[in-house]
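Structural overview
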Amino acid sequence: MKKLKVLLLGESYSATHTFVRGRNYVTLPQYGHFGTEIVAMLEREGFDVTLILTHDIPEKCPMQREAFAAYDVVILSDVGSDTMLTQPGNEDGTRNPNRLRELVHYVENGGGLMMVGGYFGFSGIGNQARYNMTPLAEVLPVHILNYDDRVECPEGVKPVVNRDCDTKIFEGIQIQDCPAFGGYNKTVIKEGAELFATFYGDPFLAGMKYGKGRSFAFTSDCAPDWAPLSVLAWEGYSKMLANVIRWTAGDRME
């Protein structure tokens, strides 16, 4: 079987916390990511993975369809559209390619694109990700809402398989053993797309052919917060991600 090349974009964050004790306070930074854990998981499944963390995307992410074409599947994981569209040199009037439009052409020409959810996936928190206003809205297998689409599930929500779909996505997996997720981005399945699994009747896993390529929507996190450590530790999780990536690769598997 061909060793697929995967470009993983995202999976890092930085934050500041101000602690107040009476009249004293201190502001401390925090940084973290689960990118290396996801990369290690996918490499164990036989993929050749390149990781570009969220804060490096403006400078390091490919800008043109020809560069994206070096990869069989491109994964956007909890990355807002502003991060993808902002590029060095824009402040002095330099014109650069629109990465999201270039990704559309990449898929049209046979590439595989996967969007993973989170606070900056799909429309995201406060509609800040706002992919519904970008060229990628046409490519994805789900309609993206025009408002904050987060569905927080503190009670935990487990995927329900659509038995009418191509169940190869779940080959070798006991999906009933999947631990609960903590939330997801609410979307609406497109006509002609294939719905593989749902959360409360909303799409969780969905795919679609577009031009010569394919796109996929994974509407929860692939790592914390919404995908807790129990999900990452579940033995079927890496297999499910691998099956999704192979489906998205389509003809590039050959």
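Anyway, here's the lowdown on the structure attached to this text. Not measured: the values here are computed from a predicted model.

1. Some words on the layout of surface pockets
The space that makes up the largest pocket amounts to roughly 510 Å³. In this structure, the largest pocket is lined by 21 residues; those nearest its centre are Ser-12, Tyr-13, Asp-78, Tyr-119 and Phe-120. Of all the elements, helix α4 (residues 81-85) adds the most residues to the lining of the largest pocket, at 3 residues. Broken down by class, the residue content of the lining of the largest pocket amounts to 7 nonpolar, 9 polar and 5 charged.

2. With respect to the pattern of salt bridges
Tallied over the entire structure, the rule returns 6 salt bridges. Here Asp-148 and Arg-150 are joined by a salt bridge, their closest N and O atoms 2.8 Å apart. The partner of Lys-186 in a salt bridge is Asp-202, with the nearest N and O atoms 2.8 Å apart. Remark: Asp-202 occurs in strand β13 (residues 202-210) and Lys-186 occurs in the loop between β10 (181-185) and β11 (187-189); sequence separation between them is 16 residues. For Lys-186, a relative accessible area of 32% gives the class partly exposed. Among the ionic contacts, a cluster of salt bridges with common partners joins Asp-148, Arg-150 and Glu-152.

3. Observations regarding empty space enclosed by the protein
By the definition in use, this model includes 1 cavity of 30 Å³ or more. Taken as a whole, the largest cavity holds about 50 Å³ of empty space. Lining the largest cavity are Leu-8, Ile-38, Leu-42, Ile-75, Met-114, Val-116, Cys-222, Leu-241 and Ile-245. Breaking the lining of the largest cavity down by element, the ones donating at least two residues are α1 (35-44), β6 (112-116) and α8 (237-249). Among the residues forming the lining of the largest cavity, the class breakdown is 9 nonpolar, no polar and no charged.

4. A word on the sheet that holds strand β5 (residues 73-77)
The mixed open sheet is built from 8 strands, whose spatial order is β4-β1-β5-β6-β14-β13-β12-β9. Of all the strands in the sheet, just β4 (48-52) and β9 (160-161) have a single pairing partner and so form its edges. One ladder, built from 5 bridges, connects β6 with strand β14 (residues 213-218); its direction is parallel. Considered in β14, the bridge of Val-116 is made with Phe-218. The strands touched by helix α5 (residues 99-108) within the sheet are β5, β6, β13 and β14, with β5 carrying the most contacts at an inclination of about 140°.

5. Brief notes about α1
Three or more residues of α1 are buried, namely Gly-35, Ile-38, Val-39, Met-41 and Leu-42. Take α1 and look down its axis: the buried residues cluster within an arc of 160°, on one side only. Note on α1: the residue one or two positions beyond its end, Gly-46, has a positive phi of about 100°.

6. Remarks on the side chain of Asn-185
Following the sequence through the fold, Asn-185 ends up in strand β10. The residues contacting Asn-185, other than those within four sequence positions of it, are Gly-117, Gly-118, Gly-121, Phe-122, Gly-124, Asp-149, Arg-150, Thr-219 and Trp-226.

7. Overview of the packing of aromatic side chains
What the rule picks out here adds up to 10 aromatic pairs. Ring pairs connect the aromatic residues Phe-181, Tyr-184, Phe-199, Phe-204 and Phe-218, which therefore count as one cluster. One residue, Lys-5, lies across the ring of Tyr-71, its end atom 5.6 Å from the ring centre. Across from the ring centre of Trp-247, 4.5 Å away, lies the NZ or CZ of Arg-214, which sits over that ring.

8. Quick notes on unusual backbone geometry
Residues other than glycine seldom take positive phi values, yet Asp-78 does so here, at roughly 60°. Position of Asp-78 among the secondary structure elements: in the loop between β5 and α4. Although it is not a glycine, Asn-127 adopts a positive phi angle of roughly 60°. Mapped onto the fold, Asn-127 is located in the loop between β6 and α6 (136-139). With a relative accessible area of 15%, Asn-127 lands in the buried category.

What counts, and at which threshold
Residues numbered from 1 in each chain as written. Predicted model: local features only at pLDDT ≥ 70, side-chain atom pairs only at ≥ 80, totals over all residues. Heavy atoms only, no water. 1 Å grid on protein atoms, 1.4 Å probe; cavity = no way out; pocket = protein on both sides within 12 Å on 5 of 7 lines; lining within 4 Å. Points joined across faces, edges and corners; volume = space filled by probe spheres on them. Helix = DSSP H or I, 4+ residues; strand = E, 2+ residues; numbered from the N terminus. Nonpolar A, V, L, I, M, F, W, Y, C, P; charged D, E, K, R; others polar. Salt bridge = Lys/Arg side-chain N within 4 Å of Asp/Glu carboxyl O. Buried < 20%, exposed > 50% of the residue type's maximum accessible area, 1.4 Å probe, protein only. Pairing = 2+ DSSP bridges. Contact = heavy atoms within 4.5 Å. Axes fitted to C-alpha atoms, helices over the stretch in contact; angles between N-to-C directions. Arc of directions from axis to C-beta. Phe/Tyr/Trp six-rings, centres within 6.5 Å; stacked < 30°, edge-to-face > 60°. Lys NZ or Arg CZ within 6 Å of the ring centre and 35° of its normal.

Just geometry here; none of it tells us what the structure is for.
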